[in-house]
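Given next are the chains, with one letter for each unit.
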Amino acid sequence: MSPTATAAENRAAGQETATENYLKAIYAHTEWQPDPISPSVLAGRLGVAPSSVTEMVKKLAAAGLLSHVPYGPLTLTTEGRMRAIGVVRRHRLIETWLVREMGYEWDEVHDEAEVLEHSISDRLLDAIDARLGRPAQDPHGDPIPSAAGEVPAFAAVLLAEAPAGHEGRVVRISDREPSLLRTLGEQGIGPGTLLRVERTASALTVVPDAGEPVGISAPDAIWLTR
């Protein structure tokens, strides 16, 4: 294989990785809330310059993966959504596999999955899925899409919006802050934990089943059953 061919293949692989990262970020933004993502928010989430987002948005729209009007929000087309769901499925199954089979903690898997999700084959992914028993949620509670693109739905309320006295089990905890996951893990709080919400004028606390009150510093990162 010539160096020129190798360079071209590397560029194509890099472009595919970038496309998948953009689609996944757009999809994830609206997974737990209804407001579409703006180009500026997307740039911040991906850690890239706004000009880079503008260029990529044009490419995704031209490829039929994205609907967008200038200065407006970004919306995935049906094809774009299915592509995004495929990436999300790979990411979340890899995270689950790393925790259950490889000894990783739930706050350590996100970055590993970010790398592996772009290279794992469909055959290996399905083997992992089967070995894990076709799980419906990853270690953080995020739904794992099926191979057919079906996404489990969970009725949930954001902790920040839950009224005092609300009782519910943790459905999902955002994995964007590993330090939060470590803290909650030390406090015995994770998906499935039953919590009761308590509020005062200056603080929000939760009381785990048969436990002591726990102050929550990031109530916008935790979802409970309704």
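Everything quoted here is computed from the prediction, not taken from an experiment.

## Considering the pattern of salt bridges
Overall, the coordinates contain 14 salt bridges when judged by the stated rule. Here E114 makes a salt bridge to K24, at a shortest N to O gap of 2.4 Å. Of this pair, E114 sits in helix α5 (residues 109–116) while K24 sits in helix α1 (residues 3–29), and the two are 90 residues apart along the sequence. For E114, a relative accessible area of 25% gives the class partly exposed. Relative accessible area serves as the criterion here: at 11%, K24 is assigned to the buried category. Each of the salt bridges in this network shares a partner with another, and the network as a whole consists of E31, R92, D142 and R172.

## Thoughts on the packing of helix α4 (residues 78–102) against α5
For any two helices packed against each other, one specifies the crossing angle of their axes together with the interaxial distance. Put simply, α4 and α5 touch, their axes get as near as 9 Å, and they point 130° apart. The angle between α4 and α5 places the two elements in the oblique class. When you trace α4 past α5, the crossing you get is right-handed. Residues H91, I94, E95, L98 and V99 of α4 touch α5, and the partners they reach there are V109, H110, E112, A113, E114 and L116. Of the residues assigned to the contact of α4 with α5, the class counts are six nonpolar, two polar and three charged.

Cut-offs used in this document
- Residues numbered from 1 in each chain as written.
- Predicted model: local features only at pLDDT ≥ 70, side-chain atom pairs only at ≥ 80, totals over all residues.
- Heavy atoms only, no water.
- Salt bridge = Lys/Arg side-chain N within 4 Å of Asp/Glu carboxyl O.
- Helix = DSSP H or I, 4+ residues; strand = E, 2+ residues; numbered from the N terminus.
- Buried < 20%, exposed > 50% of the residue type's maximum accessible area, 1.4 Å probe, protein only.
- Axes fitted to C-alpha atoms, helices over the stretch in contact; angles between N-to-C directions.
- Parallel < 35°, antiparallel > 145°, perpendicular 65-115°, else oblique.
- Left-handed = near helix turned anticlockwise from the far one by under 90°.
- Contact = heavy atoms within 4.5 Å.
- Nonpolar A, V, L, I, M, F, W, Y, C, P; charged D, E, K, R; others polar.

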